[in-house]
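Close look at the chain arrangement
What follows is each chain in one-letter form.
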Amino acid sequence: MRGFLRPAAGLTCLFLLAGTGCSAKAAPAPGAAPATPRETASQTPSAATAYAPYVNATEASGNDSAGSPSVYNLAFVIADGSDCTPSWNGTAAVGDASVKSRVSALKKSGAKVRVSFGGASGKELAETCSGAAELAAAYGSALDAAGSSLADFDIEGDALTDSDSVDLRSEAIALLQKERTDLAVSFTLPVMPSGLDDGGVALLESANDHGVQVSTVNIMTMNYAESYDGDMGQYAITSAKAAQGQLKSVFGTSDSTAWGALALTSMIGTNDVDGETFTLSDAAQVREFAESKGVSWVSMWATFRDQQCEEGDDALTNCSGVSQGSGDFGEAFSG
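As the structure is a prediction and not an experimental result, all values here were calculated from the model.

Things to note about the overall build of the chain
- Secondary structure assignment for the chain yields 9 helices and 14 strands.
- Looking at the 335 residues of the chain, the share that counts as buried comes to 56%.

Focus on unusual backbone geometry
- Cis geometry is found at the peptide bond from Ala75 to Phe76, where omega equals -15°.
- Mapped onto the secondary structure, Phe76 falls in strand S3 (residues 71-79).
- In this structure, the amide linkage connecting Trp301 to the following residue, Ala302, adopts the cis form with an omega of 0°.
- Position of Ala302 relative to the elements: it lies in the loop between strand S14 (297-301) and helix H9 (328-334).
- Of note, the phi angle at Asn89 is positive, near 60°, even though the residue is not glycine.
- Note on placement: Asn89 falls in the loop between strand S4 (86-88) and strand S5 (92-93).

Here we look at the environment of Thr270
- Examined against the element boundaries, Thr270 turns out to sit in strand S12 (residues 269-270).
- Among the residues examined, Thr270 registers a relative accessible area of 24% and is labelled partly exposed.
- Considered as a pair, Thr270 and Val322 are 52 residues apart in the sequence and their alpha carbons are 7.3 Å apart.
- If near-sequence neighbours (up to four positions away) are discounted, Thr270 is found in contact with Glu276, Thr277, Arg305, Ala315, Leu316, Ser320 and Gly321.

Details of the pairing of strand S8 (residues 184-192)
- Burial within S8 is extensive, with 7 of its 9 residues counted as buried.
- With 5 bridges joining them, strand S7 (residues 150-154) and S8 adopt parallel strand pairing. Paired with Asp152 across the bridge in S8 is Ser186.
- Two strands pair when backbone bridges link them, and S8 and strand S10 (residues 214-221) are joined in this way by 6 bridges, in the parallel orientation. Among the inter-strand pairings, Leu189 is bridged to a residue of S10, identified as Ile219.
- As consecutive antiparallel partners, S8 and strand S9 (residues 195-196) are separated by 2 residues.

Some words on the packing of aromatic side chains
- Going through the model one piece at a time under the given rule, you end up with 12 aromatic pairs.
- Here Tyr224 and Tyr235 contribute two aromatic rings whose centre-to-centre distance is 5.6 Å and whose plane-to-plane angle is 70°, an arrangement assigned as edge-to-face. Separated by 11 residues along the polypeptide, Tyr224 in the loop between S10 and helix H6 (232-251) and Tyr235 in helix H6 bring together distant segments of the chain.
- Relative to Phe289, the ring of Trp259 lies with its centre 5.6 Å away and its plane at 80°, an arrangement referred to as edge-to-face. Taken together, the residues span a long stretch of sequence, with Trp259 in helix H7 (residues 255-260) and Phe289 in helix H8 (residues 280-293) at a distance of 30 residues.
- Members of the aromatic cluster, connected to one another through ring pairs, are Tyr54, Phe76, Trp301 and Phe304.

What to know about the confidence of the model for the chain
- When pLDDT is averaged along the chain, the result is 88, and 86% of the positions lie at 70 or above.
- Of the regions scoring below 50 in pLDDT, residues 4-46 engages in 97 contacts with residues more than four places distant in sequence or in other chains.

Overview of the pattern of salt bridges
- Overall, the coordinates contain 5 salt bridges when judged by the stated rule.
- We note a salt bridge from Arg102 to Asp64, for which the minimum N-O separation is 2.9 Å. With a gap of 38 residues between them, Arg102 in helix H1 (residues 97-107) and Asp64 in the loop between strand S2 (54-56) and S3 connect regions that are remote in the sequence.
- What makes Arg102 buried here is its relative accessible area of 8%.

Section: the state of the cysteines
- Taken as a whole and assessed by the stated rule, the structure comprises 2 disulfides.
- Through a disulfide, Cys84 is tied to Cys129; the S-S separation comes to 1.8 Å. Handedness of the Cys84-Cys129 disulfide follows from its S-S torsion of about 85°: it is right-handed. In this pair, Cys84 sits in the loop between S3 and S4 while Cys129 sits in the loop between strand S6 (112-118) and helix H2 (132-146), placing the two residues 45 residues apart along the sequence.

A closer look at the environment of Ala93
- Tracing the backbone shows Ala93 in strand S5.
- Ala93 sits 49 residues away from Ala142 along the chain, and the two C-alpha atoms are 9.1 Å apart.

About the cut-offs
Residues numbered from 1 in each chain as written. Predicted model: local features only at pLDDT ≥ 70, side-chain atom pairs only at ≥ 80, totals over all residues. Heavy atoms only, no water. Helix = DSSP H or I, 4+ residues; strand = E, 2+ residues; numbered from the N terminus. Buried < 20%, exposed > 50% of the residue type's maximum accessible area, 1.4 Å probe, protein only. Contact = heavy atoms within 4.5 Å. Pairing = 2+ DSSP bridges. Phe/Tyr/Trp six-rings, centres within 6.5 Å; stacked < 30°, edge-to-face > 60°. pLDDT = per-residue confidence, 0-100. Salt bridge = Lys/Arg side-chain N within 4 Å of Asp/Glu carboxyl O. Disulfide = S-S within 2.5 Å.

Shown next, in the form of structure tokens:
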């Protein structure tokens, strides 16, 4: 997603959803911690599909609360330049007082916050840190600053095909989960109607090999390619079905558990690819589908775009580019 800067046999069964392990048994990878089932809200298939939009971590929007989110995804923590120092969007320290105030305001409704690392702009910390312990500490400092036990890793572009940083990230997250037994981890990955690409599957395999306990795989149902110019709601559903099948294969798990492991994030309104427009009816369609399958959560990019453009606005940065009332997409996604 945009930033703010202009099975395979032998896999370790650590995909622990609804307190269950994988159906296929395998020995842990060398050095991996044994799997210990954990129950979290996002891991319970019987729970209603949550609404968890992406928000700007440094600037409030009047549309943040539309749809009464249960979780806010704070975007994005990236490296401060080429250093192993976490920062919000490369512009604010993770301990910045204004960000802490923003997080406090978001939590007043009873919602939680999930720290999202990575995104489409800047460097993800695994690309700049030199070792797993250093990287785990960087991730931990951002989580502590936000007072969160929910971590999302939005890995796309070059970061997704950099096998060294993928493995380093997996090692660091595993270390962090040993220290923080309540840490719930999600991966946000690009998808096509055919499913996750090879890089996305390899990332999940790396996480599994290193003993990472993954709560959710969040697929970005957006920006497919010029060859896709049809119904964006249906493309999201087709992509979800394909990705769910991949999760079943990689982790050797059941239908219902794989659906409960999935989250769907759409780019509302105008997408980056010409001809792709995600409408309010698409949002309602995706919400209905997600509920019917027991999908963990639905999300959108992003609350600050959940409004109609005015003259001079950029539909890709601060509005949707479609006719709507302020907060309409939030209401549609929340059901």
